[in-house]
Amino acid sequence: LAATPEFFDRHAQLLSKIRLPDARGGGTTVSLLERQVEVLRERNRQLERKVKDFVDVARENDALGARVLSMARRLIAAPDGAAVIGAIEAALREDFDAAQSVLVLTPAGAPPGAVESRFLRVVAAEAPDLRSFETLFSAGKPRCGQLRDSQREFLFGADAPEVGSVALVPLGSKGSLGLLACGSHDLQRFNPTMSTDFLAHIGELIAAALA
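For the structure given in this document, a descriptive report is provided here. Model, not experiment: these values are computed from the prediction.

## A few points about the nonpolar core
For step 1, the next point in the chain: Of all hydrophobic cores here, the largest spans 29 residues; its most connected members are Ile88, Leu92, Leu103, Leu171, Leu180 and Leu210.
For step 2, the next point in the chain: Listed by contribution, the elements that provide at least two residues to this core are α2 (32-77), α3 (81-95), β3 (101-105), β6 (165-171), β7 (178-184) and α7 (197-210).
For step 3, the next point in the chain: Among the nonpolar cores identified, the runner-up in size contains 18 residues, and Val102, Phe133, Leu136 and Ala160 belong to it.

The structure is reproduced here in structure tokens:
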């Protein structure tokens, strides 16, 4: 039939006689035309699902963009280094629902007068625990997924057993200022397949504010 597309022009009476198994099952048959209509309907349903997915992604990106803008405003309004740290922590907790976050800074990235806390850690750049993230720093871009036990314990301490997945964001060139770690108990919240564009934007904002 593919080689002779004019076949049904010459045998039009066959169109109403050909019966095919109904794609919906049930052991019934339908005409060729009915089968074609069903195929077109299924294609239309697939296109509608794709359009819905595109719209959902666009809405999610709009919401993320608004949150990043809100963080930028907080950082711009911060009058000093200590306020910058507070603005970062508040933005992550209130705007991004990332309360289980840790900011690990090297002495080069820590603002004067910064006080260590559950959220803020200041660690020497050559510290072995920080150097365990060398592949992250070398890549120079965010990474999502699960961590080794030693890395998770270094970042989250006593809360480490509750952390299922983590988003890591290097700060500064090759992590020269440190890193941001956002943890979640959900194994799939930060998975390796997710886009990291907005995480990169957040990292750039934080690095600029610290500098």
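## Quick word on unusual backbone geometry
For step 1, the next point in the chain: Notably, Asp97 is not glycine yet its phi reads approximately 50°, a positive angle.
For step 2, the next point in the chain: In this structure, Asp97 sits in the loop between α3 and β3.

## Regarding the environment of Leu180
For step 1, the next point in the chain: Mapped onto the fold, Leu180 is located in strand β7.
For step 2, the next point in the chain: Sequence separation between Leu180 and Ala87 is 93 residues, and the spatial gap between their C-alpha atoms is 14 Å.
For step 3, the next point in the chain: Among all residues touching Leu180, those that are not within four sequence positions of it are Leu92, Val102, Leu103, Ala167, Leu168, Val169, Leu171, Ile202 and Ile206.

## Some thoughts on the packing of α2 against α7
For step 1, the next point in the chain: Viewed as axis vectors pointing N to C, α2 and α7 meet at an angle of 5°, and their least axial separation amounts to 10 Å. Considering the angle they form, α2 stands roughly parallel to α7. For the pair formed by α2 and α7, the contact residues are Asn61, Leu64, Gly65, Val68, Met71, Ala72 and Leu75 on the first element and Phe198, His201, Ile202, Leu205, Ile206 and Ala209 on the second.
For step 2, the next point in the chain: The residue inventory of the contact of α2 with α7, partitioned by class, reads 10 nonpolar, 3 polar and no charged.

## Some points on the packing of aromatic side chains
For step 1, the next point in the chain: Under the criterion given, the structure shown has 1 aromatic pair.
For step 2, the next point in the chain: Residues Phe133 and Phe154 carry aromatic rings whose centres are separated by 6.2 Å and whose planes lie at 40° to one another, so their mutual orientation is tilted. With Phe133 in the loop between α4 (128-131) and α5 (134-139) and Phe154 in helix α6 (residues 149-156), this pair connects stretches of sequence that are 21 residues apart.
For step 3, the next point in the chain: Geometry around Phe154 places Arg121 over its ring, the cationic atom sitting 4.7 Å from the centre.

## Notes on the side chain of Asp95
For step 1, the next point in the chain: One can find Asp95 in helix α3.
For step 2, the next point in the chain: Separated by 3.0 Å, the side chains of Asp95 and Ser70 make a polar contact.
For step 3, the next point in the chain: Ignoring anything within four residues of it in the chain, the contact list for Asp95 reads Arg67, Ser70, Met71, Arg74 and Ala90.

## Side note on α6
For step 1, the next point in the chain: Buried residues of α6: Gln151, Arg152, Phe154, Leu155 and Phe156, and no others. All buried residues of α6 project into a common sector of 165° when viewed along the axis, lining one side.
For step 2, the next point in the chain: In this fold, the buried residues of α6 make contact with β3, β4 (120-122), α4, β6 and β7.
For step 3, the next point in the chain: One or two positions beyond α6, positive phi appears at Gly157, with a value near 55°.

## Focus on the layout of surface pockets
Unoccupied space between atoms shows up once a probe the size of one water molecule is rolled over them.
For step 1, the next point in the chain: The volume enclosed by the largest pocket comes to roughly 480 Å³.
For step 2, the next point in the chain: Lining of the largest pocket is provided by 19 residues; of these, Glu60, Leu64, Met194, Ser195 and Phe198 occupy positions nearest its centre.
For step 3, the next point in the chain: Counting residues per element, the ones that place at least two in the lining of the largest pocket are α2, β7 and α7.
For step 4, the next point in the chain: The dominant element in the lining of the largest pocket, judged by the number of residues it contributes, is α2, at 5 residues.
For step 5, the next point in the chain: The class makeup of the residues in the lining of the largest pocket is 13 nonpolar, 2 polar and 4 charged.

## Topic: α2
For step 1, the next point in the chain: In this model α2 runs 68 Å from its N-terminal to its C-terminal C-alpha over 46 residues, within 8% of the 68 Å that 1.5 Å per residue would give.
For step 2, the next point in the chain: Listing the buried residues of α2 in full gives Leu32, Glu38, Val68, Met71, Ala72 and Leu75.
For step 3, the next point in the chain: Where α2 is buried, its residues meet α1 (7-10), β1 (19-21), β2 (29-31), α3 and α7.

## Focus: the pattern of salt bridges
For step 1, the next point in the chain: According to the stated counting rule, one finds 11 salt bridges in the structure shown.
For step 2, the next point in the chain: Taking the shortest distance from any N to any O, the salt bridge between Asp95 and Arg74 comes out at 3.3 Å. Residue Asp95 is found in helix α3, and its partner Arg74 is found in helix α2; the two are separated by 21 residues along the sequence.

Conventions we followed
- Residues numbered from 1 in each chain as written.
- Predicted model: local features only at pLDDT ≥ 70, side-chain atom pairs only at ≥ 80, totals over all residues.
- Heavy atoms only, no water.
- Core = buried A, V, L, I, M, F, W, Y, C linked by side-chain atoms within 4.5 Å.
- Buried < 20%, exposed > 50% of the residue type's maximum accessible area, 1.4 Å probe, protein only.
- Helix = DSSP H or I, 4+ residues; strand = E, 2+ residues; numbered from the N terminus.
- Contact = heavy atoms within 4.5 Å.
- Axes fitted to C-alpha atoms, helices over the stretch in contact; angles between N-to-C directions.
- Parallel < 35°, antiparallel > 145°, perpendicular 65-115°, else oblique.
- Nonpolar A, V, L, I, M, F, W, Y, C, P; charged D, E, K, R; others polar.
- Phe/Tyr/Trp six-rings, centres within 6.5 Å; stacked < 30°, edge-to-face > 60°.
- Lys NZ or Arg CZ within 6 Å of the ring centre and 35° of its normal.
- Polar contact = N/O pair within 3.5 Å; in protein donor to acceptor, adjacent residues only side chain to side chain.
- Arc of directions from axis to C-beta.
- 1 Å grid on protein atoms, 1.4 Å probe; cavity = no way out; pocket = protein on both sides within 12 Å on 5 of 7 lines; lining within 4 Å.
- Points joined across faces, edges and corners; volume = space filled by probe spheres on them.
- Expected span 1.5 Å × (residues − 1).
- Salt bridge = Lys/Arg side-chain N within 4 Å of Asp/Glu carboxyl O.

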